[in-house]
Amino acid sequence: MTTDTPRTLAEELRTRSDSGLVGLLRARPDLLSPVPGDVTQLATRAGTRASVVRAVERLDRFALQTAEALAVAPDPCPYDTLGALMGGDAGDEAVAAALPRAVAELRGQALVWGPDDRLRLVRTARELLAPGAARPSPTGLGPTVAEAAAGMSPGRLQEILAAAGLPTTHDPVSAVAALTALFRDRERMAALLDTAPAESVAVLDKLLWGPPYGAVTDRPAAHLQWLLDRGLLLPAGARNVVLPREAALHLRGGRAHRSPEPVPPALTPTTERDPQLVDNAAASQAFTALATVEELLKEWDLGGPPVLRAGGMSVRDLKRTATALDTTERLAAFWLELAYAAGLIASDGEADERYAATPAAEEWRQLPDHERWAELAAGWLAATRTSGVVGTADAKGRALAALGPHLDRSPAPEVRRRALTLLATLPPGTSVPAATVLSRLRWERPLRGAGPTAGGAAGPAAGGAAGATAGGAAGATAGGAAEAESAGTDDLRSRLAQWALEEAELLGVTGRGALATHGRTLIGAEGAKTGAAAETGTWTETGTWTGAGTWTGAGAEASALAAGATTGGGVASGAEIGAAATRAAALLAPLLPEPVDHVLLQADLTAVAPGPLQRPLAEALDVLADIESKGGATVYRFTPASVRRALDAGRSAAELQDFLSSHSRTPVPQPLAYLIDDVARKHGRLRIGAAAAYVRCDDDALLSEILADRRAAGLRLRRLAPTVLAAQTAPEQLLDGLRAMGYAPAAESAAGDVLIARADSYRTPPRTAPAPVPDGPPSPDGTLLEAAVRAIRAGDLAATAERKPVHAPVPAPGTLPRTTSAETLATMQAAVLTNSALWIGYVNADGAASQRVIAPVRVEGGFVTAYDHTADEVRTYPLHRITGVAELADDVV
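Residues numbered from 1 in each chain as written. Predicted model: local features only at pLDDT ≥ 70, side-chain atom pairs only at ≥ 80, totals over all residues. Heavy atoms only, no water.

Participant: Would you take a moment to explain the overall build of the protein chain for this structure?
Facilitator: Within the protein chain one finds 34 helices and 29 strands. Per-residue burial for the protein chain yields a buried fraction of 50% across its 893 residues. Residue pairs in contact within the protein chain that sit at least 24 positions apart in sequence constitute 66% of those at least 6 positions apart. Put simply, the protein chain shows about 39500 Å² of open surface, and 54% of that area lies on carbon and sulfur atoms. (Helix = DSSP H or I, 4+ residues; strand = E, 2+ residues; numbered from the N terminus. Buried < 20%, exposed > 50% of the residue type's maximum accessible area, 1.4 Å probe, protein only. Contact = heavy atoms within 4.5 Å. Areas by Shrake-Rupley, 256 points an atom, 1.4 Å probe, with all protein chains shown as cover.)

In structure tokens form, the structure reads like this:
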């Protein structure tokens, strides 16, 4: 049973509604692994260091500042005292308006508990955020007078009181209390500082915002001695001093932080463009992305580069790929990882392992353009592999390779989605500088992905020891404000966001920096509010957040539900992302260029494709001609080698002429017709087969010409007959050698038929796309949350319900009841007749003991069938595994 004022976190959690517990478990899913047996276990787990660190890392800037203020406030802390620490003596309307939301969020995540007149930060969070000699506080405050004076002699304390104009006391405790009261009294403290030398005030100003520590010599200067004599600087070691917290708060005007940030940075300045222009630009880039990935697959059609022993591609192969795609190595790594995330390329797993296209790549190439884009976008949005880290060093100093291991960065999907969601809050067609988005993200997760976390130095870089020099000048080198960015713009989260914005532009999710219409659909923001209204919001008295989202509930429950919504937390499942990508692709489809079925042949042996070609036409032209340039219009060039390639693929000269005539809007130029006829006339006159190899030709003069050519010496040819030459080289080498000499031989089969020499595509065995590495426990769904809360409630009932003794005293809470077998059987049978509930101790087959509340239905054959309130289902238990039984009080169930 609980009192009106909870004495522990467990007691407060026990008073929350089911929706309040659901909000807590949703905000902190690590508490569900495994599901706590009761509320006490839930509270214990919520106070563990690992769980608290994870929760603190997910706080926004102002909620974190509120927690930091509570860590330096008295424990427990009244709400008004907290408000004074956050807003200062002069008050701050913005802080006062945002503070209820921050407290509600902390309370909803079980980091703070207790009523408003007795707010308590959980012990672990206080240990993480409170100041210490080896761990500066993010507030820049030092220890209290009581903490700093703990090792001082009673005589020295009395001397300080006398110098400060206070009456002496009879014990150190009252002396510390008197000095603390002086520093907290605004009027008396101001009067004391009015008598301070200017140099002493300068020293205090340098230590004011932290770090509060300094160094002094054995014989400090007069202005330093003045501070030491009055306790404004207290000893913090052999030659170190510290500014007491109470004195610093007076000098700061009561503020715990130099610059409270109650509201997130505004997404400004904005640049407005025509939304249709943005959509067209995004669609153009989406088409370019499809062409680039298709070019990559074509480049690897016969097999890609080898896999390094440690995994991934070599730097040389990455450079070759970049050259083939006509891009930089960094962008080539992005396209490689994009295709890998979509399951289009993988390693073949052979002994001489190499990369190649997967069977899924063939299916992907046959899809309409918008559906192909949907698969790429869905893979990119959910991927944890990050191409931006390619080329950087890992923990062992080794360079990270494209497609290699150790490229996963688990926060990437959340950051990627949140960056795009911020763009979705702007009006259509509106963009903001990337630095603005990064600033907003750092406000939302100041510790997430930064260097030092709450587990270490929970705040800013101190910049150096605030030491007083040996000459007596106690100049504290502040080195940086106490509220400086924890890791600046180089922290992981900022880099992930920067890469996300760049990749979204490359993929066509955004256009000219603004989120396209299909991009909004991709992240599920079709109905998102736009404009300034989406950027502001307040907590109403009933606990409803009015702003970018609508969250109902009261107090702590509402804040727990809102946790992650106001900061964009949470990552959609693969099925949700796929469905959203499909809807986005439907909006993109009308914007993509329609494939054309014709080219424009020109007299300079080129053909111009005025747009993307239909796939059969494009594949045929890829064989017949070489691509000379790409862009809005692709230029193909016909050469003897390209025409011979088409003939080798089994096409005749007449078929090539008909193909060009039927697909060109201009007549076939005479030079092109002559080129085809000339190459075809020479093609196949020489026939090569397997002897080791042979050459046959009806024109014996041509064979004599070959024998007389010095370049043929390496082929080791000899005449077998007037029309046949034999060679000691393989047919493939003989073909290449004669072609290098300027001839156009054709391979033939044993039956004398011309062989089609087009190479087969090389594919890996079936492969699945790489699975994203989760960032902590997965987000629980509604069904799991409801079942977990029900199990916690039932377990709590079993652990705390009032029991009636049978023949033995009621066992202490948390221990199993003990009754004899006869007493257990009799009590069970009686419960069946009276339809009453019992509390039992049960040991399963694995030896795990638990307490349960059951309602027996039938007892027979050494088993009891009962409705188990703990599991919320009917179960059967062997009687010999029941350690004991006790009746419940009449009003429990």
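Participant: Even after reading the chapter, I still don't get empty space enclosed by the protein, so can you show me in this structure?
Facilitator: Using a probe with the size of a water molecule, rolled over the atoms, empty space left in the structure can be pinpointed. Counted under the stated rule, the structure contains 9 cavities of 30 Å³ or more. Size it by volume and the largest cavity reaches roughly 160 Å³. Contributing to the lining of the largest cavity are 16 residues, with Trp380, Arg385, Ser387, Arg416 and Glu503 lying nearest its centre. Elements with a minimum of two residues in the lining of the largest cavity: α18 (329–341), α20 (369–382), α21 (412–424) and α23 (492–507). Of the residues belonging to the lining of the largest cavity, the class tally is 9 nonpolar, 3 polar and 4 charged. (1 Å grid on protein atoms, 1.4 Å probe; cavity = no way out; pocket = protein on both sides within 12 Å on 5 of 7 lines; lining within 4 Å. Points joined across faces, edges and corners; volume = space filled by probe spheres on them. Nonpolar A, V, L, I, M, F, W, Y, C, P; charged D, E, K, R; others polar.)

Participant: Can you walk me through the packing of aromatic side chains in this structure?
Facilitator: As enumerated under the stated definition, the model contains 3 aromatic pairs in all. Arranged with centres 6.2 Å apart and planes meeting at 25°, the rings of Trp300 and Tyr355 form a pair that is stacked. One end of the pair, Trp300, is in the loop between α16 (275–299) and α17 (315–325); the other, Tyr355, is in strand β8 (residues 355–357), and 55 residues separate them in sequence. Residue Trp300 is classed as buried on the basis of its relative accessible area, which comes to 4%. For Tyr355, a relative accessible area of 4% translates into the label buried. Residue placement shows Arg354 over the ring face of Tyr762; its charged tip is 4.2 Å from the ring centre. (Phe/Tyr/Trp six-rings, centres within 6.5 Å; stacked < 30°, edge-to-face > 60°. Lys NZ or Arg CZ within 6 Å of the ring centre and 35° of its normal.)

Participant: Sorry if this is basic, but what is going on with the sheet that holds strand β5 (residues 240–242) here?
Facilitator: Within a beta sheet, neighbouring strands are joined by backbone hydrogen bonds and run either parallel or antiparallel to one another. Taken in spatial order, the 3 strands make up an open sheet running β3-β5-β4, and their pairing is antiparallel. Every other strand in the sheet has two partners, leaving β3 (213–215) and β4 (234–235) as the edge strands with one partner each. Bridge count between β3 and β5: 3 bridges; the pairing is antiparallel. Within β5, the residue paired with Ala215 across the bridge is Asn240. (Pairing = 2+ DSSP bridges.)

Participant: Looking at this structure, how should I read the packing of helix α5 (residues 61–72) against helix α7 (residues 93–108)?
Facilitator: Any two packed helices are characterised by the angle at which their axes cross and by the distance between the axes. Relative to each other, α5 and α7 sit at 80°, their axes nearing to 9 Å. With respect to α7, the element α5 is oriented roughly perpendicular. Across from Phe62, Ala63, Thr66, Ala67 and Leu70 in α5, the residues of α7 making contact are Val95, Ala98, Leu99, Arg101, Ala102, Val103, Glu105 and Leu106. Its residues assigned to classes, the contact of α5 with α7 shows 10 nonpolar, 1 polar and 2 charged. (Axes fitted to C-alpha atoms, helices over the stretch in contact; angles between N-to-C directions. Parallel < 35°, antiparallel > 145°, perpendicular 65-115°, else oblique.)

Participant: Would you mind going over the environment of Arg28 with me for this structure?
Facilitator: Positionally, Arg28 belongs in the loop between α2 (18–27) and α3 (39–46). Classification of Arg28 as buried rests on a relative accessible area of 2%. Considered as a pair, Arg28 and Arg58 are 30 residues apart in the sequence and their alpha carbons are 9.5 Å apart. Those residues in contact with Arg28, other than ones at most four positions away along the chain, are Ala46, Ser51, Val52, Ala55, Gln109, Ala110 and Leu111.

Participant: Just checking my understanding: could you explain unusual backbone geometry for this structure?
Facilitator: Leaving glycine aside, a negative phi is the common case for residues, and trans is the common case for peptide bonds. At the junction of Ser33 and Pro34, the peptide bond is cis and its omega measures out at -10° in the coordinates. Position of Pro34 relative to the elements: it lies in the loop between α2 and α3. Across the junction of Thr268 and Pro269, the peptide omega takes the value -5°, indicating a cis bond. Phi is positive for Leu403, close to 65°, though the residue is something other than glycine.

Participant: Honestly, the sheet that holds strand β17 (residues 626–629) in this entry has me stumped. Any pointers?
Facilitator: Read from one edge to the other, the open sheet built from 4 strands follows the order β15-β16-β18-β17, with strand pairing classed as antiparallel. Of all strands in the sheet, those with a lone pairing partner are β15 (600–602) and β17, marking the two edges. Ignoring strand direction, the axes of neighbouring strands in this sheet form an average angle of 30°. Bridge count for β17 against strand β18 (residues 634–637) is 3 bridges, and the pairing is antiparallel. In the strand pairing of β18, Ser629 is matched with Val635.

Participant: Explain the pairing of strand β21 (residues 717–721) to me, please; I cannot follow it from the model alone.
Facilitator: A regular strand places its side chains so that they alternate between the two faces of the sheet. Alignment of β21 against strand β22 (residues 724–727), held across 4 bridges, turns out to be antiparallel. Its bridge partner lying in β22, Arg718 is registered against Ala726. Two successive antiparallel strands, β21 and β22, enclose a turn made up of 2 residues.

Participant: Just to check I follow, could you spell out the pattern of salt bridges for this structure?
Facilitator: Under the defined criterion, the tally for this structure stands at 41 salt bridges. In this structure, the salt-bridge partner of Arg440 is Glu444, at a minimum N-O distance of 3.5 Å. With a gap of 4 residues between them, Arg440 and Glu444 both fall in helix α22 (residues 434–444), about one helical turn apart. Each member of the pair, Arg440 together with Glu444, is buried. One salt-bridge network, held together by shared partners, links Asp301, Glu362, Arg365 and Arg763. (Salt bridge = Lys/Arg side-chain N within 4 Å of Asp/Glu carboxyl O.)

Participant: Can you walk me through helix α6 (residues 79–87) in this structure?
Facilitator: Three- or four-residue spacings in an α-helix give side chains the same orientation, since the helix completes a turn every 3.6 residues. For α6, the full list of buried residues reads Leu82, Leu85, Met86 and Gly87. Those residues of α6 hidden inside the fold are in contact with α5, α7 and α15 (245–251). Just downstream of α6 lies Gly88, where phi reads positive at about 80°.

Participant: What should I look at first to understand the nonpolar core in this one?
Facilitator: Nonpolar side chains tend to gather and get buried jointly when the protein is soluble and globular. Ranked by size, the top nonpolar core spans 91 residues in total, and within it Leu25, Leu82 and Leu232 carry the most contacts. If you tally residues by element for this core, the top one is α5, at 8 residues. Here Leu82 is in contact with Thr66, Ala69, Leu70, Cys77, Leu99, Val103 and Leu119, once residues within four sequence places are set aside. Residues Leu336, Val415, Ala424 and Leu515 belong to the second largest nonpolar core, which totals 73 residues. (Core = buried A, V, L, I, M, F, W, Y, C linked by side-chain atoms within 4.5 Å.)

Participant: Explain the side chain of His683 to me, please; I cannot follow it from the model alone.
Facilitator: Within the secondary structure, His683 is located in the loop between α30 (670–682) and β19 (687–689). Not counting chain neighbours up to four residues away, the residues in contact with His683 comprise Arg644, Leu647, Asp648, Ala744, Pro745 and Ala746.

Participant: What am I meant to see in the packing of helix α10 (residues 154–163) against helix α11 (residues 172–184) here?
Facilitator: It is at 10 Å that the axes of α10 and α11 come closest, and there the two elements cross at 30°. Regarding the angle of α10 to α11, the classification is roughly parallel. Considering the relative orientation of α10 and α11, their crossing is left-handed. Together, Pro154, Leu157, Gln158, Ile160 and Leu161 of α10 and Pro172, Ala175, Val176, Ala178 and Leu179 of α11 make up the contact between the two elements. When grouped by side-chain class, the residues that make up the contact of α10 with α11 number 9 nonpolar, 1 polar and no charged. (Left-handed = near helix turned anticlockwise from the far one by under 90°.)

Participant: Would you take a moment to explain the confidence of the model for the protein chain for this structure?
Facilitator: The predicted coordinates of low-pLDDT regions are not to be read in fine detail. On average, residues of the protein chain score 82 in pLDDT, and 85% of them reach the 70 mark or higher. Scored below 50 in pLDDT, residues 451–489 makes 95 contacts in the model with residues more than four places away or belonging to other chains. Considering only residues more than four positions removed or in separate chains, one finds that residues 806–810, a stretch of pLDDT under 50, has 6 contacts. (pLDDT = per-residue confidence, 0-100.)

Participant: Looking at this model, I keep getting lost on α23. Mind explaining?
Facilitator: Its 16 residues give α23 an end-to-end C-alpha distance of 22 Å, which sits within 8% of 22 Å, the value for a rise of 1.5 Å per residue. Most of α23 sits inside the fold, with 12 of its 16 residues counted as buried. Residues of α23 that are buried include every one of Leu492, Arg493, Ser494, Leu496, Ala497, Trp499, Ala500, Leu501, Glu503, Ala504, Leu506 and Leu507, and no others. At the N-terminal end of α23, a side-chain oxygen is found 3.2 Å from the backbone nitrogen of Arg493, two or three residues along, and the residue is Asp491. Positioned one or two residues after α23, Gly508 has a phi angle of 85°, which is positive. (Expected span 1.5 Å × (residues − 1). Polar contact = N/O pair within 3.5 Å; in protein donor to acceptor, adjacent residues only side chain to side chain.)

Participant: Mind showing me how you'd approach the environment of Gly508 here?
Facilitator: Of note, Gly508 is situated in the loop between α23 and β10 (510–511). Once residues lying within four places of it in the same chain are set aside, the contact partners of Gly508 are Ala282, Gln285, Ala286, Trp373 and His518.

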